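# Examining the three-dimensional arrangement
Spelled out from the first residue to the last, the chains are:
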Amino acid sequence: QVQLVESGGGLVQAGGSLRLSCAASGRTFSRYTMGWFRQAPGKEREFVAAISRSGGSTYYADSVKGRFTIYRDNEKNTVYLQMNSLKPEDTAVYYCAAGILVATTPDPYNNWGRGTQVTVSS
């Protein structure tokens, strides 16, 4: 098990940028693949991005490709999500998750943070 704490959310105007961080407890961070998901009010949780254990492979939802970048620092036990060119439709609670396999659905991830709110105004 690993405990995850997200930070970096906030209110930003359309076109702006935010960087989310997810800090993990423990010494086994590098054993986990990491993912970012988001959930807007009244909608299901959706995949945003994922990264392999080493950071060598990354995966993105089509809706964020070219605007968001996921990366990790295994020395700091942290995964990041750099979000540029933000749009109002990016407004959601963003969650980081840790799992064994890279996946674009929530079920394979068995460790979740509590989320951080991102609000993009038009």
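Heads up: the structure comes first, above all this text.
This report concerns the structure included in the present document.

The next point concerns the overall build of the chain. A count of helices and strands for the chain gives 0 helices and 11 strands. The helix and strand sequence of the chain, counted from the amino end, reads β-β-β-β-β-β-β-β-β-β-β. A compact globule built from 122 residues would reach a C-alpha radius of gyration of about 14 Å, and the chain, at 13 Å, matches this within 12%. By principal-axis analysis of the C-alpha atoms, the chain measures approximately 40 × 25 × 25 Å. Pairs at least 24 residues apart make up 57% of the contacts formed inside the chain by residues separated by at least 6 positions. As displayed, the chain has an accessible area near 6400 Å², and 46% of this comes from carbon and sulfur atoms. Computed over 13 positive and 9 negative side-chain charges, the inter-centroid distance for the chain is 6 Å.

Turning our attention to the packing of aromatic side chains. This model, assessed by the stated rule, comprises 6 aromatic pairs. Judged by centre distance (5.7 Å) and plane angle (70 degrees), the rings of F37 and F47 are edge-to-face. In this pair, F37 is assigned in strand 4 (residues 33-39) and F47 in strand 5 (residues 46-51), connecting sequence segments 10 residues apart. Overall, the relative accessible area of 12% leaves F47 in the buried class. Between F37 and W112, the aromatic rings sit 5.2 Å apart at their centres with planes inclined by 55 degrees, giving tilted as the arrangement.

Next up on the list: the environment of T104. Inspection of the secondary structure assignment puts T104 in the loop between strand 9 (92-99) and strand 10 (109-112). Judged by its relative accessible area of 47%, T104 is partly exposed. Not counting chain neighbours up to four residues away, the residues in contact with T104 comprise F37 and F47.

All chains considered together, the criterion is met by 4 salt bridges. Close ionic contact of R38 with D90 constitutes a salt bridge, the shortest N to O distance being 2.9 Å. Remark: D90 occurs in the loop between strand 8 (78-83) and strand 9 and R38 occurs in strand 4; sequence separation between them is 52 residues. Owing to a relative accessible area of 5%, R38 belongs among the buried residues under this scheme. D90 is the salt-bridge partner of R67, the closest N and O atoms lying 2.8 Å from each other. Of the two residues, R67 is situated in the loop between strand 6 (58-60) and strand 7 (68-73) and D90 in the loop between strand 8 and strand 9; the sequence distance between them amounts to 23 residues.

Turning our eyes to something else, we now look at the sheet that holds strand 3 (residues 18-24). If you walk across this open sheet you meet the 4 strands as 1-3-8-7, and the pairing is antiparallel. This sheet does not close on itself; its edge strands, each paired only once, are strand 1 (4-7) and strand 7. Sheet twist, expressed as the mean angle between neighbouring strand axes with direction ignored, is 15 degrees. Sheet topology note: the strand 7/strand 8 ladder contains 6 bridges and is antiparallel. Bridge assignment links T69 to a residue of strand 8, and that residue is Q82.

Each value, and the rule that gives it
Residues numbered from 1 in each chain as written. Predicted model: local features only at pLDDT ≥ 70, side-chain atom pairs only at ≥ 80, totals over all residues. Heavy atoms only, no water. Helix = DSSP H or I, 4+ residues; strand = E, 2+ residues; numbered from the N terminus. Rg over C-alpha atoms; globule rule 2.2 N^0.38 Å. Contact = heavy atoms within 4.5 Å. Areas by Shrake-Rupley, 256 points an atom, 1.4 Å probe, with all protein chains shown as cover. Lys, Arg positive; Asp, Glu negative; His and termini not counted. Charge placed at Lys NZ, Arg CZ, Asp CG, Glu CD. Phe/Tyr/Trp six-rings, centres within 6.5 Å; stacked < 30°, edge-to-face > 60°. Buried < 20%, exposed > 50% of the residue type's maximum accessible area, 1.4 Å probe, protein only. Salt bridge = Lys/Arg side-chain N within 4 Å of Asp/Glu carboxyl O. Pairing = 2+ DSSP bridges. Axes fitted to C-alpha atoms, helices over the stretch in contact; angles between N-to-C directions.

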